[in-house]
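The lines below spell out each chain.
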Amino acid sequence: MDPRRLAATALDLNLQLMRWRAAPTLPLERVAAARCLLVGAGTLGCNVARQLLAWGVRHLTLVDSGRVA
């Protein structure tokens, strides 16, 4: 039992369930192939990134020029 294979299978099953319940016409293949650039990783940016990952976006680039004091 490969942990990476189990995680990928769980992700695919979760996405299929979300598509079945929330958006039946959502093309999961196009969502998984999408490349997203997220500018700003503050409070809102982190939540947007989490939602994108939950919906199956696998290529996500975060850009943030903020400094932590």
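Above this text is the structure in question.
Attention here is on the structure that accompanies the text.

**A closer look at the pairing of strand β2 (residues 59-63)**
In the sheet, strand β1 (residues 35-39) pairs with β2 via five bridges, with the strands oriented parallel. Directly across from arginine 35, in β2, lies its bridge partner histidine 59. Taken together, β1, helix α3 (residues 43-54) and β2 constitute a β-α-β crossover, and its handedness is right-handed.

**Examining the pattern of salt bridges**
Tallying each qualifying case throughout the model produces one salt bridge. Note that aspartate 12 and arginine 58 form a salt bridge whose closest N and O atoms lie 3.1 Å from each other. Linking aspartate 12 in helix α1 (residues 3-21) with arginine 58 in the loop between α3 and β2, this pair joins segments that are 46 residues apart in sequence. Given a relative accessible area of 43%, arginine 58 falls into the partly exposed group.

What counts and what doesn't
Residues numbered from 1 in each chain as written. Predicted model: local features only at pLDDT ≥ 70, side-chain atom pairs only at ≥ 80, totals over all residues. Heavy atoms only, no water. Pairing = 2+ DSSP bridges. Helix = DSSP H or I, 4+ residues; strand = E, 2+ residues; numbered from the N terminus. Right-handed = clockwise from strand over helix to strand, strands pointing away. Salt bridge = Lys/Arg side-chain N within 4 Å of Asp/Glu carboxyl O. Buried < 20%, exposed > 50% of the residue type's maximum accessible area, 1.4 Å probe, protein only.

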